[in-house]
Amino acid sequence: MKVDELANSLQVCLDSGAKRVLLPITSAAELGTVPADLIGSFNLIFYSSAEDAVFKALGVE
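Residues numbered from 1 in each chain as written. Predicted model: local features only at pLDDT ≥ 70, side-chain atom pairs only at ≥ 80, totals over all residues. Heavy atoms only, no water.

### Description of the pattern of salt bridges
Overall, the coordinates contain two salt bridges when judged by the stated rule. A salt bridge links glutamate 30 to lysine 2, with the nearest nitrogen and oxygen atoms 3.4 Å apart. With glutamate 30 in the loop between strand S1 (20-24) and helix H2 (36-39) and lysine 2 in the segment before helix H1 (6-15), this residue pair connects regions lying 28 residues apart in the sequence. Given a relative accessible area of 18%, glutamate 30 falls into the buried group. (Salt bridge = Lys/Arg side-chain N within 4 Å of Asp/Glu carboxyl O. Helix = DSSP H or I, 4+ residues; strand = E, 2+ residues; numbered from the N terminus. Buried < 20%, exposed > 50% of the residue type's maximum accessible area, 1.4 Å probe, protein only.)

In structure tokens:
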């Protein structure tokens, strides 16, 4: 599922001290609407399925 209001969600992540953010690949198209300094604050990790997200969250390749 795509993330609604991606810029606002990333701002909440930044305010909470996040360094890495897992995002569904379907939200990649919205990155153009997010300020560059906000995107640069994170290590963005994209996933394509729920299983892929779990593996990436655990650091398993």
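There is more to say after this.
### Quick notes on the nonpolar core
Judged by nonpolar contacts, Val3, Leu6, Leu10, Val21, Leu23, Leu31, Val34, Leu38, Phe42 and Leu44 together constitute the single largest core of ten residues. Taken together, the elements giving at least two residues each to this core come down to H1 and S1. Not counting the four nearest positions on each side in its chain, leucine 23 is found in contact with Val3, Leu6, Leu44, Ile45, Phe46 and Tyr47. (Core = buried A, V, L, I, M, F, W, Y, C linked by side-chain atoms within 4.5 Å. Contact = heavy atoms within 4.5 Å.)

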